[in-house]
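Structural overview
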2 protein chains.
Amino acid sequence: MTHELESIEDYRDLFDKFDTFLYDCDGVIWHGDNVIPGVADFLAYQRKQGKKLIFVTNNATKAREGFKAKFDKLGLEAHIEEIFGSAYASVAYLKYVLDFPKDKKVYVIGEDGLEKELESEGIAYCGGTDSKDNVFVPLMDFSSIQSDPDVGAVMAGFDMHINYKKIAKAHRYLQENKGCHFILTNDDTTFPHSDGKLYPGSGAISAPLRYAVKNKPIVVGKPNQPMLDCILKTHDIDRERTLMIGDRLDTDIAFGKNGGIKTLLVLTGVQKREDYQAKDAEVVPDYVIESLGDLSALTDSNKRPLNGTDGSKEAKRRID
Amino acid sequence: MTHELESIEDYRDLFDKFDTFLYDCDGVIWHGDNVIPGVADFLAYQRKQGKKLIFVTNNATKAREGFKAKFDKLGLEAHIEEIFGSAYASVAYLKYVLDFPKDKKVYVIGEDGLEKELESEGIAYCGGTDSKDNVFVPLMDFSSIQSDPDVGAVMAGFDMHINYKKIAKAHRYLQENKGCHFILTNDDTTFPHSDGKLYPGSGAISAPLRYAVKNKPIVVGKPNQPMLDCILKTHDIDRERTLMIGDRLDTDIAFGKNGGIKTLLVLTGVQKREDYQAKDAEVVPDYVIESLGDLSALTDSNKRPLNGTDGSKEAKRRID
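Just so we're clear, the structure is a prediction, and the values are computed from it rather than from any experiment. (Residues numbered from 1 in each chain as written. Chains lettered and ligands numbered in written order. Predicted model: local features only at pLDDT ≥ 70, side-chain atom pairs only at ≥ 80, totals over all residues. Heavy atoms only, no water.)

**Looking at the overall build of chain A**
Helix and strand counts for chain A stand at 11 helices and 16 strands. The C-alpha radius of gyration of chain A comes to 20 Å, within 12% of the 20 Å expected for a compact globule of 320 residues. Reported as C-alpha extents along the three principal axes, the dimensions of chain A are approximately 70 × 40 × 40 Å. Burial status across chain A gives 58% buried among its 320 residues. In chain A, the proportion of contacts linking residues at least 24 apart, taken out of those at least 6 apart, comes to 69%. When the accessible area of chain A is evaluated, it comes to approximately 12,900 Å², of which 47% is carbon and sulfur surface. (Helix = DSSP H or I, 4+ residues; strand = E, 2+ residues; numbered from the N terminus. Rg over C-alpha atoms; globule rule 2.2 N^0.38 Å. Buried < 20%, exposed > 50% of the residue type's maximum accessible area, 1.4 Å probe, protein only. Contact = heavy atoms within 4.5 Å. Areas by Shrake-Rupley, 256 points an atom, 1.4 Å probe, with all protein chains shown as cover.)

What follows is the structure, given as structure tokens:
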């Protein structure tokens, strides 16, 4: 049963129930380069009240430093240890959980954020942004797609330079290299861009590989649990007093549910009210609110209308 | 129950039972640019005996003229009307079965063979080999991915220039253009190359799109039936006296089974004996033979050993 937050009393009850707030970013805190109105005030208020904030994003194109720079640019406080991108979580999972051998390297399908996180953990890699693999090979010319027994893992995230050479090389390593790990930062079908359209996401990028090989990948990002394992390893958190906030039922809300954590859906992103109200909805949030910005009413309830703030309406207009 | 063909009597029985022989090409007739030993003799013998030969290939990179040129180059007789590539079959299906409107165009993910078949049927198209769409777009730059209401179908085949721009454009058309058809030439997971390795196939190329959109594609190529519908429309064939010959259980043999046609598996391509003998084998052929070339024993049984010819052994060595 979903509780729709509608009054300042609802907001206060929610706020008091939890100590730790796990945040999805895009569609919740910002749209592209615009902070959703009211959100900055609310985040600052939370910090003042001693709450713990953790940012959990499936976006694998940036390293943690890159996300930090984005928060900085938008005038939002954030610290490296509060940021869990699926690139970092994937690398941490490979190194600490799978105990990746030091003499092996990772074949990367992804952008430089993934490479930076591999570097920061001292793991050798190939592919990725290497210009030799960011090319179109001529039709039926497979001569540049060769074996490499040193590849011990294929790690795939979002990659706008996806091409046949990368797919075919990764395919060979997964076929030929015994015990080669197959790790996806996440498998999101699509993601919303600030132009209001959905574009194919990381899961679409790795789909050719998942289709062609029999190896089952480990998926790190939401709604899967390796991401949460990673957070719990480094933060002292009481699940009972932790809230996951997101704009997607199939990633954010399912992530909380899978991890035994309460969930709040915001309607400033991918999902609309009818999605969780649908009879066949597979994932239903514990709470729902028009916009995270609405909670800024807590910072000074006299200054703002309590429901349907200008902020949330503005945000909705932009995403619809 | 599979009948293993082992003697000249077995070969003769099989030959006499059927009037029409549907052939997969790669792994059956040739490996890359090498005709499998004995096959040329057998095909010529079939023609002399008045049998009907039809070549059915999922390879969508070539138009029928291109396949004809390959037969010519290899010294094998073939005629345009005997050749059914999945590119031609997809275009024919769009035009004649789906009655594609004359004022709409097709967005192509594929090579020039698909474009040539569209041209030959007078259907407008975009994408494909157009240099504007064969580029890498910068990270998070979606400015070149725009709407186009004139696109009435997305047609995807094998494309070694697959890239994010093509995937994202096709995704937009399928999302935004009402009634936009979604046609795959075929959905093969992999294909064997003459270097003896498997490479990601057409199904891997279209996997991102199938993953990101909800629209269910029409798949034309084997093992699906639109390809057979296409053959039956243009050839007078008695299914009872037709044999499908191929090297793959999941495409060729399943194609025959789905269409109520008897099947012969050759072991010169993708599949090995243990594949169809496996307890959990989903598709089992009616007949099996080491190599199609073994049937050349029919042309002059005195000249050749009857089983395990040099030809089949040589072919096996190359593919293993």
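**Details of the packing of aromatic side chains**
Residues and elements named next belong to chain A. In total, this model carries 33 aromatic pairs over all chains according to the counting rule given. Summarising the aromatic geometry, the rings of phenylalanine 158 and phenylalanine 191 are spaced 5.2 Å apart at their centres and angled 85° between planes, so their arrangement reads as edge-to-face. Of this pair, phenylalanine 158 sits in the loop between strand 9 (151-156) and helix 6 (164-176) while phenylalanine 191 sits in strand 11 (residues 190-192), and the two are 33 residues apart along the sequence. Using a relative accessible area of 4% as the deciding quantity, one classes phenylalanine 158 as buried. What makes phenylalanine 191 buried here is its relative accessible area of 15%. Among the aromatic residues, ring-to-ring pairing joins Phe15, Phe18, Phe21, Phe42, Tyr45 and Tyr287 into one connected group. (Phe/Tyr/Trp six-rings, centres within 6.5 Å; stacked < 30°, edge-to-face > 60°.)

**Section: the nonpolar core**
By size, the foremost hydrophobic cluster in this structure holds 54 residues, and its most contacted members are Val154(A), Tyr164(A), Val154(B) and Tyr164(B). Not counting residues within four places of it along the chain, the set of residues in contact with Tyr164(B) comprises Phe158(A), Met160(A), Ile162(A), Phe191(A), Tyr199(A), Pro200(A), Ile205(A) and Phe142(B). (Core = buried A, V, L, I, M, F, W, Y, C linked by side-chain atoms within 4.5 Å.)

**Section: the sheet that holds strand 5 (residues 52-57) of chain A**
All names here are of chain A. Pairing in this open sheet of seven strands is parallel, and the strands run 1-16-15-14-2-5-6 from one edge to the other. Looking at strand neighbours, the two that pair on one side only are strand 1 (3-4) and strand 6 (83-85), the edges of this open sheet. Examined bridge by bridge, strand 1 and strand 16 (residues 287-289) share two bridges and lie parallel to one another. Residue histidine 3 lies in a different strand from strand 16, and its bridge partner there is tyrosine 287. Along the sheet face, helix 1 (residues 8-17) touches strand 1, strand 2 (20-23), strand 14 (242-246), strand 15 (262-266) and strand 16 and points at about 130° away from the line of strand 16. (Pairing = 2+ DSSP bridges. Axes fitted to C-alpha atoms, helices over the stretch in contact; angles between N-to-C directions.)

**As for the relation of the copies chain A and chain B**
Between the two chain copies there is a screw-like relation: a rotation about an axis and a shift along it. Superposing chain A onto chain B requires a rotation of 180° together with a translation of 0.0 Å along the rotation axis, leaving an RMSD of 0.0 Å. Here the two chains are linked by the operation of a two-fold rotation axis. Of all interface residues in chain A, 100% are interface residues in chain B too; the two copies therefore contact each other through one and the same surface. (Least-squares fit on C-alpha atoms with pLDDT ≥ 70 in both.)

**A short note on the state of the cysteines**
All names here are of chain A. By the definition in use, this model includes zero disulfides over all chains. Cysteine cysteine 180 shares no disulfide, and the gap to the nearest cysteine sulfur, in cysteine 126, comes to 9.9 Å. By relative accessible area, cysteine 180 is classed as buried at 9%. (Disulfide = S-S within 2.5 Å.)

**Let's talk about the interface of chain A and chain B**
The partner chain B presents 42 residues to the 41 residues of chain A that form the contact. With both sides pooled, the region where chain A packs onto chain B buries about 3,700 Å², and carbon together with sulfur makes up 73% of that total. For chain A, the biggest contributors to the area lost against chain B are Phe136(A), Met160(A) and Tyr211(A); these three give 23% of the whole. For the pair chain A and chain B, the number of links is two salt bridges. A salt bridge links Lys197(B) to Glu176(A); its shortest N-O distance comes to 3.7 Å. Put simply, chain A and chain B have eight residue pairs in polar contact (both at pLDDT 80 or more) between them. For the side of chain A that touches chain B, the element with the highest residue contribution is helix 7 (residues 202-212) of chain A, accounting for eight residues. When its residues are assigned to classes, the side of chain A that touches chain B shows 24 nonpolar, nine polar and eight charged. (Buried area = accessible area lost by both parts, 1.4 Å probe. Salt bridge = Lys/Arg side-chain N within 4 Å of Asp/Glu carboxyl O. Polar contact = N/O pair within 3.5 Å; in protein donor to acceptor, adjacent residues only side chain to side chain. Nonpolar A, V, L, I, M, F, W, Y, C, P; charged D, E, K, R; others polar.)

**Focus on the pattern of salt bridges**
One pass over the full model with this rule turns up 44 salt bridges over all chains. We note a salt bridge from Arg241(A) to Asp19(A), for which the minimum N-O separation is 2.7 Å. One end of the pair, Arg241(A), is in the loop between helix 8 (226-234) and strand 14; the other, Asp19(A), is in the loop between helix 1 and strand 2, with 222 residues separating them in the sequence. The partner of Glu4(B) in a salt bridge is Arg273(B), with the nearest N and O atoms 3.2 Å apart. Separated by 269 residues along the polypeptide, Glu4(B) in strand 1 (residues 3-4) and Arg273(B) in helix 10 (residues 273-277) bring together distant segments of the chain.

**Description of the pairing of strand 15 of chain A**
Each regular strand carries side chains that alternate between the two faces of the sheet. Residues and elements named next belong to chain A. Within strand 15, four of the five residues are buried, which leaves the element mostly enclosed by the surrounding structure. Two elements, strand 14 and strand 15, share four bridges in a ladder whose sense is parallel. Its bridge partner being in strand 15, leucine 243 is matched across the sheet by lysine 262. Handedness of the crossover joining strand 14 and strand 15 through helix 9 (residues 249-258): right-handed. (Right-handed = clockwise from strand over helix to strand, strands pointing away.)

**Digging into the domain arrangement of chain A**
Residue and element names in this part refer to chain A. Per the domain assignment, the segments making up chain A are domain 1 (3-58 + 223-300) and domain 2 (100-219). Computed from C-alpha coordinates alone, the two centres of domain 1 and domain 2 are separated by 31 Å. With nine residues of domain 1 in contact, the opposing surface of domain 2 contributes 11 residues. Taking both partners together, domain 1 and domain 2 bury about 720 Å²; carbon and sulfur atoms supply 46% of that area. One can count zero salt bridges joining domain 1 with domain 2. (Domains from an automatic or database assignment.)

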